[in-house]
Amino acid sequence: IVQLFAQAGHTVRVFDAFADAVPKALASVHALIEKGVVRGQFTAEQGAAFKAEIRPCKTLEELADCDVVIEAIVEDVAAKRALFIALENIVSRRCILTTNTSSLTVAEIAAGCRHPDRIAALHFFNPVPLMKVAEVVPTVKTAPETVEVLRALVEHAGHRAVVAADQPGFLINHAGRGY
């Protein structure tokens, strides 16, 4: 997800509650970008520019002026809900909060948040830069404007945005399991 949006020209901030996780994640993303340079997918200058768009953060407070936050933590509803509630006290009211969950309902994660109109799932598939689809999953309380901003963000990054219902597995995993 970090690589995708950095390559799309967005400044991407990376935070993890485990301090040693951020440098490891950045090293992994930088290595993938370098592979792209070696393979001729982009120039060395472009690769350097992509890397320059990625900013490590030591605290959640460093996300205060973000327009969109994509949470990708453990698949535990209580942990995700607690993070969203904490983020509501940090980010601006206009910031969209998204979860990359693949198995939990978004409404359950958003329960207890003061502004559920700005909460949705933005579910990507691995490897994110290659899998050209992302699910945008609103709840019944998600504002239509939130869905449109997320759809445009995904499409600007070169992926197809599919709006899915808020149910376990959303659209693609739900259909795939049945198949």
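Each remark here, short or long, concerns the structure printed above.
J.: Mind showing me how you'd approach the overall build of the protein here?
T.: Helix and strand counts for the protein stand at 7 helices and 7 strands. Relative to the globule expectation of 16 Å for 179 residues, the C-alpha radius of gyration of the protein, 16 Å, shows essentially globular dimensions. Overall, the protein is about 45 × 40 × 30 Å in size when its C-alpha atoms are taken along their principal axes. In the protein, which comprises 179 residues, the share counted as buried stands at 41%.

J.: When you look at the pairing of strand S6 (residues 133-138) in this model, what are you seeing that I'm missing?
T.: Across a regular strand the side chains alternate sides, sitting on one face of the sheet and then on the other. The element S6 is largely enclosed, with a buried count of 6 among its 6 residues. The alternating pattern of S6 places Val 133, Glu 135 and Val 137 and Ala 134, Val 136 and Pro 138 on opposite faces, both of which are buried. As defined by bridge partners, strand S5 (residues 119-124) adjoins S6 across 5 bridges and the pair is classed as antiparallel. Pairing of Ala 121 across the sheet is with Val 137, part of S6.

J.: Please clarify how the sheet that holds strand S4 (residues 96-99) should be interpreted in this entry.
T.: Whenever strands of a sheet pair, they do so through backbone hydrogen bonds, lying parallel or antiparallel. Pairing is mixed in the open sheet, where 5 strands are placed in the order S3-S4-S5-S6-S7. Each edge of the sheet is formed by a strand with only one pairing partner; in this case those strands are strand S3 (68-71) and strand S7 (160-163). Strand-to-strand twist across the sheet, computed as the mean angle between neighbouring axes with direction ignored, equals 30 degrees. Inspection of the sheet shows S3 paired to S4 by 4 bridges, in the parallel sense.

J.: So what exactly am I meant to see when it comes to the pattern of salt bridges here?
T.: In a structure, side chains of opposite charge can pair up when their charged atoms sit close to one another. For the structure shown, the criterion picks out 9 salt bridges. With a shortest N-O distance of 2.8 Å, Asp 117 and Arg 93 are connected by a salt bridge. Linking Asp 117 in the loop between helix H5 (106-110) and S5 with Arg 93 in the loop between helix H4 (77-88) and S4, this pair joins segments that are 24 residues apart in sequence. A salt bridge links Arg 151 to Glu 148; its shortest N-O distance comes to 3.9 Å.

J.: I'm lost on the nonpolar core in this one. Help?
T.: Generally speaking, a soluble globular protein has its nonpolar side chains buried in company with each other. Core analysis: the biggest nonpolar cluster contains 27 residues, and Phe 5, Ile 54, Leu 122 and Phe 124 have the highest contact counts within it. Within the residue set of this core, elements represented by two or more residues are helix H1 (2-7), strand S1 (12-14), helix H2 (21-38), S5, S6 and helix H6 (144-156). Looking at which element gives the most residues to this core, the answer is H2, with 5 residues. Setting aside residues up to four positions removed in sequence, Ile 54 forms contacts with Val 2, Ala 6, Val 12, Val 14, Leu 26, Val 29, His 30 and Ile 33. Counting residues in each nonpolar core, the second largest holds 21 residues, with Leu 87, Leu 104, Ala 121 and Val 137 among its members.

J.: Just checking my understanding: could you explain unusual backbone geometry for this structure?
T.: Glycine aside, residues mostly have negative phi angles, and peptide bonds mostly take the trans form. In this structure, Pro 127 follows Asn 126 across a cis peptide bond, with omega equal to -10 degrees. Assignment of secondary structure puts Pro 127 in the loop between S5 and S6.

J.: Which parts of the structure should I look at to understand the packing of H2 against helix H3 (residues 44-52)?
T.: Two quantities define a packed helix pair, namely the angle between the axes and the distance from one axis to the other. The geometry of H2 relative to H3 is characterised by a closest axis approach of 9 Å and an angle of 165 degrees between their N-to-C directions. Considering their axes alone, H2 and H3 lie roughly antiparallel with respect to each other. Crossing handedness for the pair H2 and H3: right-handed. Together, His 30, Ile 33, Glu 34 and Val 37 of H2 and Ala 44, Gly 47, Phe 50 and Lys 51 of H3 make up the contact between the two elements. Its residues assigned to classes, the contact of H2 with H3 comprises 4 nonpolar, 2 polar and 2 charged.

About the cut-offs
- Residues numbered from 1 in each chain as written.
- Predicted model: local features only at pLDDT ≥ 70, side-chain atom pairs only at ≥ 80, totals over all residues.
- Heavy atoms only, no water.
- Helix = DSSP H or I, 4+ residues; strand = E, 2+ residues; numbered from the N terminus.
- Rg over C-alpha atoms; globule rule 2.2 N^0.38 Å.
- Buried < 20%, exposed > 50% of the residue type's maximum accessible area, 1.4 Å probe, protein only.
- Pairing = 2+ DSSP bridges.
- Axes fitted to C-alpha atoms, helices over the stretch in contact; angles between N-to-C directions.
- Salt bridge = Lys/Arg side-chain N within 4 Å of Asp/Glu carboxyl O.
- Core = buried A, V, L, I, M, F, W, Y, C linked by side-chain atoms within 4.5 Å.
- Contact = heavy atoms within 4.5 Å.
- Parallel < 35°, antiparallel > 145°, perpendicular 65-115°, else oblique.
- Left-handed = near helix turned anticlockwise from the far one by under 90°.
- Nonpolar A, V, L, I, M, F, W, Y, C, P; charged D, E, K, R; others polar.

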